Amino acid sequence: MPRQIGFLVDLSKCTGCHSCEFACKNENQLGDFRYRRVMEFGPENILSFLSMACNHCANPECVRVCPNKCFNKRKDGIVFHDPTNCDSCSSCVSACPFKVPQINPYTKKVSKCNFCMSRIHQGLEPACVSACANEALQVINLSEPLPPQYIEVITCFPSVYLTKPSIRFILPKVTVSFWRNS
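Quick summary incoming for the structure in this document. A quick note: this is a predicted structure, and the numbers were derived from the prediction, not measured.

1. Observations regarding the pattern of salt bridges
And step 1. Taken as a whole and judged by the stated rule, the model has four salt bridges.
And step 2. Residues Arg34 and Glu21 are paired through a salt bridge, measuring 3.1 Å at the closest nitrogen-oxygen approach. Taken together, the residues span a long stretch of sequence, with Arg34 in the loop between α1 (19-28) and β2 (37-41) and Glu21 in helix α1 at a distance of 13 residues.
And step 3. Overall, the relative accessible area of 33% leaves Arg34 in the partly exposed class.

Structural data, given as structure tokens:
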């Protein structure tokens with residue numbers, strides 16, 4: 001089985017500080033455009049934050065639908081976009097269940113997270129992972145056995161069966177309160 005790297009998001013550690021988002025914008029010089037988004041989710045009484053970017057899916061729809069073959073999947077699982085032949089047809093934008101590829105307003109071509117490939121080549125973590133002070137965002141190897149607390153699906157996530165996103169989650173711990181009667 002080929003190596004498949006991905007992201008692990010520990011929902012109990014993410015505080016919604018957006019440092020991963022800002023690090024990504026700085027690393028990729030994106031201006032107002034962004035690859036990584038921090039979103040709120042969960043029931044009203046248990047608010048959680050989710051940091052999302054490209055999931056570098058095992059079966060990426062963007063690769064399948066691109067008529068110009070602008071998307072490629074590396075042996076380590078990173079899905080990247082080469083804008084050279086991109087004509088901004090938006091096929092990938094509509095095909096991705098996670099709404100990741102976007103038309104970059106500056107280049108007028110599709111753009112998305114590339115897992116900070118240049119940093120990976122230098123032996124570094126992606127900028128978003130390095131910037132996460134709470135270690136809520138990590139890189140994991142999905143080709144190896146994972147602990148049972150790493151889950152594949154959360155309530156706000158689209159179906160994972162077709163694309164098999166390379167992301168896993170650790171759910172927030174449920175707090176229990178014990179009241180003593182006086």
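Structure shown, so let's carry the discussion forward.
2. Observations regarding empty space enclosed by the protein
And step 1. A complete count under the given rule lists four cavities of 30 Å³ or more for this structure.
And step 2. A volume near 100 Å³ is recorded for the largest cavity.
And step 3. Forming the boundary of the largest cavity are 14 residues, of which Cys14, Cys20, Ser51, Cys132 and Ala136 lie nearest the centre.
And step 4. A breakdown of the residues in the lining of the largest cavity according to their chemical character gives eight nonpolar, six polar and no charged.
And step 5. Taken together, 13 residues make up the lining of the second largest cavity; nearest its centre are Cys54, Cys57, Pro60, Cys62 and Cys96.
And step 6. Of the residues contributing to the lining of the second largest cavity, the split by class is ten nonpolar, two polar and one charged.

Calculation criteria
Residues numbered from 1 in each chain as written. Predicted model: local features only at pLDDT ≥ 70, side-chain atom pairs only at ≥ 80, totals over all residues. Heavy atoms only, no water. Salt bridge = Lys/Arg side-chain N within 4 Å of Asp/Glu carboxyl O. Helix = DSSP H or I, 4+ residues; strand = E, 2+ residues; numbered from the N terminus. Buried < 20%, exposed > 50% of the residue type's maximum accessible area, 1.4 Å probe, protein only. 1 Å grid on protein atoms, 1.4 Å probe; cavity = no way out; pocket = protein on both sides within 12 Å on 5 of 7 lines; lining within 4 Å. Points joined across faces, edges and corners; volume = space filled by probe spheres on them. Nonpolar A, V, L, I, M, F, W, Y, C, P; charged D, E, K, R; others polar.

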